[in-house]
Amino acid sequence: MSFEWPWQYNFPPFFTLQPNVDTRQKQLAAWCSLALSYCRHHKLYTLDVMEAQESPVFNNKKIERKLSLEAIQVVFEELRKKGNLEWLDKNKSRCLVMWRRPEEWGKLIYQWVSKNGMVNTVCTLYELSNGDDTEGEEFHGLEEWMLLRSLQALQTEGKAEIITMDDGKGVKFF
Amino acid sequence: MDRFSWSNGLLEINETLVIQQRGVKLYDGDDKAKLDVGVALLSTHRLIWRDLKNHECCIAIPLSQIIFFEEQAAGIGKRSYIPALHFAKIVIHLHPAPANKEPGPYQQSKFSYIKLSFKEHGQIEFFRRLTEEMTQKRWENTPVSQPIPTATGAQAGRTRAVGIVGIERKIEERRKETDKNISEAFEDLSKLMVKAKEMVELSRSIANKIKDKQGDITEDETIRFKSYLLSMGIANPVTRETHGSGTHYHMQLAKQLGDMLQAPLEERGGMMALTEVYCLVNRARGMELLSPEDLVNACKMFESLKLPLRLRVFDSGVMVVQLQSHSEEEMIASALDNVSEKGSLTAEEFAKLLGLSVLLSKERLLLAEKMGHLCRDDSVEGLRFYPNLF
C-alpha cells in the first residue's frame, strides 16, 4: 500500500513557513499529521534531521519545493510539544518519533494480552515484539525502547510489571 | 494758551517732525482760542500750531511743558437748542509758564490747559504719537535752542521771506517735511522688523541652548518651550522654518494638494505612493518646488482639514496618499479574485494586471495575506501569492 499524500503536499505555499499566525497554525498542524502518518506507514521510529531534509516528506521533487531547515525545526518542535517526538541528543540532530504515544501502545498490547488470555503470565519483551503470536499485530516489530516505554506506561497504570531476568526483560500482566 | 510762544515753525537740527494734522482748532481751556483752524505739528521737542491761511502765524510750546494729557470723546451736544456735533479733542494740561518764556498770542490765561479739536479727524494717531513722544522724551537727549525771538509779539514769528530767497526757503522746508513724512511712514515697518529680528534671535539662541543642553533648562521646560514654538508656527527652530513656513503654510499647501491630486488619484485607482505625488506635484509647479518634508507635513493635515484625501502608512513603512472613498476591503476582495483566477500571482504580475506600481501591488498582496485571504510561497523562483487554502 503506497502512502497517500495529503492535498497540501502539492500546494507550493505548504513549503513556506507562513507569516500570518492563523495560517501558520493550520499549516503546522497539517505538517505534524503528515510527518506522523508517514512515519507510521513506513514504521519509522527515529529520524535524523539531516536525512529528513532529503526525505520525500519534506522534499517534494515534483513541485520542486522543500521545507527549509529552519521550518523543519519548527515542525519538530511542534511535534515535541504535542508529545510525539523526543530529542535523543542535545544538538537536536536525532529524535524519536512516536507516531503513537506510549499510552496508546500500552493499551493495544494489553488488549491483545487479555484477548489471548495471557493475563497473569509472564512474557519476554522479545516475545511481544517479535514473537510468532504477535505477527499481524500493529505492535509487531515495535522497537525495544518504544515497547519498554509502553510497558512502563502500563506499569504506571498498574496493569503490568516489568521484570528483569537473566537474559533480558520480561513483563507480567495483571 | 498763555504758554505758547511765537515761532517760525522751522525745525531745529536735532528736532524731527513726528506727525502733523490739519483741521485742528485750539481751545484755551474750554473756550475757543481766537485763532482759526490750522495745522498741528508734533515734533520730538515741541508742539507747533500753524494757521492754514496765514502761514506766518505760527506758535509753539515745548513738550516739556506738558504735565498730562488725555482724550475727550466726541459727542452730540445740546447747547442752545441746536444739537452740535462735538469733535474729539485732546486735552493737554500744562506747567505754569516759565519766567523766560517768549511772547505768545496770549499774554495771560485763566486756564492751565488747552484743547486741540480735530475737525478733520486724526486725533487717535496724534494722541498715540504724543504719548510716544512724551514717553520717550527725546527732547531731553538733544536740547534745542530757543527760536530767535521776534521784535513784536503780535506779528508772526517767521522772518519775512521776501522774493526768491523766500520761495526757495519755502520749497526747501516743504521738501524736508515730505522727506520726514516718508521716513516716518516707514519707521513703523523698520521697528517691526527690528522687533521680529530680536524675537527670532531670541528663539534661536534658546533653541541652541536646548540643543547643547546648556543652562539650567530641565526636560520639562524644554518640552514646554518646544510646544510654544510649535504653536507659534516655528516647528523646528534650528532649521530655517521661522519665516512664515509654519503650520499655516502647510494648511494652504494641503488644500492646494487636495485640489490638484483628485484627478491623478482617480486615474490610478485611488492610491498613489508619496514619492509619485512628490514627482507629480513638483513637475506641475515648475518653480517654488516643495521639499519632501513640507509635502509630508501638508499631507498629515488632510484629515484635520476634512479634505477627501488621506495619508496612509503601511506596516513596511511605505507612505501613500489615497482617496477617502477608497475602500480597502473592496481592494482586497478584488485582489483575492484576481489571484484565484490566475491560480497564483507574483507582485509584478499583479502590478501588470492592475496597472499599479509594483510597490503598491505588493503592499496590497501583503495586506491580503495579513487578513488571511492569501498565503505565500517563498522559493528560489521568487515570492508568489496563492489563495489561502489552509
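As the structure is a prediction and not an experimental result, all values here were calculated from the model.

Enquirer: What is the right way to look at the overall build of chain B in this model?
Expert: The secondary structure content of chain B amounts to ten helices and 17 strands. Split into buried and exposed, the 390 residues of chain B put 40% on the buried side. Intrachain contacts of chain B at a sequence separation of at least 6 include 60% that bridge at least 24 residues. With an accessible surface of roughly 22,900 Å², chain B has 57% of that area assigned to carbon and sulfur atoms.

Enquirer: How should the pattern of salt bridges be read in this particular structure?
Expert: Pairing between side chains of opposite charge can happen when the charged atoms of each approach one another. Applying the stated rule across the entire model yields 23 salt bridges over all chains. For A:Glu104, the salt bridge identified is with A:Arg101, shortest N-O distance 3.4 Å. Residue class for A:Arg101 comes out partly exposed when judged on its relative accessible area of 34%. For the salt bridge of B:Asp315 with B:Lys370, the shortest nitrogen-to-oxygen distance reads 2.8 Å. Here B:Asp315 is found in the loop between strand S13 (309–313) and strand S14 (319–323), whereas its partner B:Lys370 is found in helix H10 (residues 358–370), with 55 residues between them in sequence. Connected through salt bridges with shared partners, the residues B:Glu125, B:Arg128, B:Arg129 and B:Glu132 form a single ionic network.

Enquirer: Honestly, the interface of chain A and chain B in this entry has me stumped. Any pointers?
Expert: Many authors give the size of an interface as the accessible area that is lost as the parts come together. Across the contact, 15 residues belong to chain A and 15 residues belong to chain B. For the pair chain A and chain B, the interface holds two salt bridges. Its salt-bridge partner being B:Glu381, residue A:Arg65 comes within 3.2 Å of it at the nearest N-O pair. On inspection of chain A and its partner chain B, the count reaches eight residue pairs in polar contact (both at pLDDT 80 or more). The element contributing the most residues to the side of chain A that touches chain B is helix H1 (residues 21–41) of chain A, with three residues. Looking at the side of chain A that touches chain B residue by residue, the class counts come to six nonpolar, six polar and three charged.

Enquirer: How should I be thinking about the sheet that holds strand S15 (residues 345–346) of chain B in this particular structure?
Expert: Working definition: the strands of a sheet are paired by backbone hydrogen bonds and lie parallel or antiparallel to each other. Residues and elements named next belong to chain B. Across the sheet, three strands lie side by side as S15-S17-S16; this open sheet has antiparallel pairing. This sheet does not close on itself; its edge strands, each paired only once, are S15 and strand S16 (374–379). Sheet topology places S16 next to strand S17 (residues 382–387); six bridges connect them, and they run antiparallel. Looking at S17, one finds that Asp 377 is bridged to Arg 384.

Enquirer: Explanation requested: empty space enclosed by the protein in the structure shown.
Expert: Leftover empty space is mapped by rolling, across the atoms, a probe with the size of a water molecule. Residues and elements named next belong to chain B. Taken as a whole and judged by the stated rule, the model has four cavities of 30 Å³ or more. What lines the largest cavity is simply Gly 9, Leu 10, Leu 11, Leu 17, Leu 41, Arg 50, Glu 173, Lys 176, Glu 177 and Lys 180. With four residues, the single largest contributor to the lining of the largest cavity is helix H3 (residues 163–212). For the lining of the largest cavity, the residue count by class is four nonpolar, one polar and five charged.

Rules and cut-offs
- Residues numbered from 1 in each chain as written.
- Chains lettered and ligands numbered in written order.
- Predicted model: local features only at pLDDT ≥ 70, side-chain atom pairs only at ≥ 80, totals over all residues.
- Heavy atoms only, no water.
- Helix = DSSP H or I, 4+ residues; strand = E, 2+ residues; numbered from the N terminus.
- Buried < 20%, exposed > 50% of the residue type's maximum accessible area, 1.4 Å probe, protein only.
- Contact = heavy atoms within 4.5 Å.
- Areas by Shrake-Rupley, 256 points an atom, 1.4 Å probe, with all protein chains shown as cover.
- Salt bridge = Lys/Arg side-chain N within 4 Å of Asp/Glu carboxyl O.
- Polar contact = N/O pair within 3.5 Å; in protein donor to acceptor, adjacent residues only side chain to side chain.
- Nonpolar A, V, L, I, M, F, W, Y, C, P; charged D, E, K, R; others polar.
- Pairing = 2+ DSSP bridges.
- 1 Å grid on protein atoms, 1.4 Å probe; cavity = no way out; pocket = protein on both sides within 12 Å on 5 of 7 lines; lining within 4 Å.
- Points joined across faces, edges and corners; volume = space filled by probe spheres on them.

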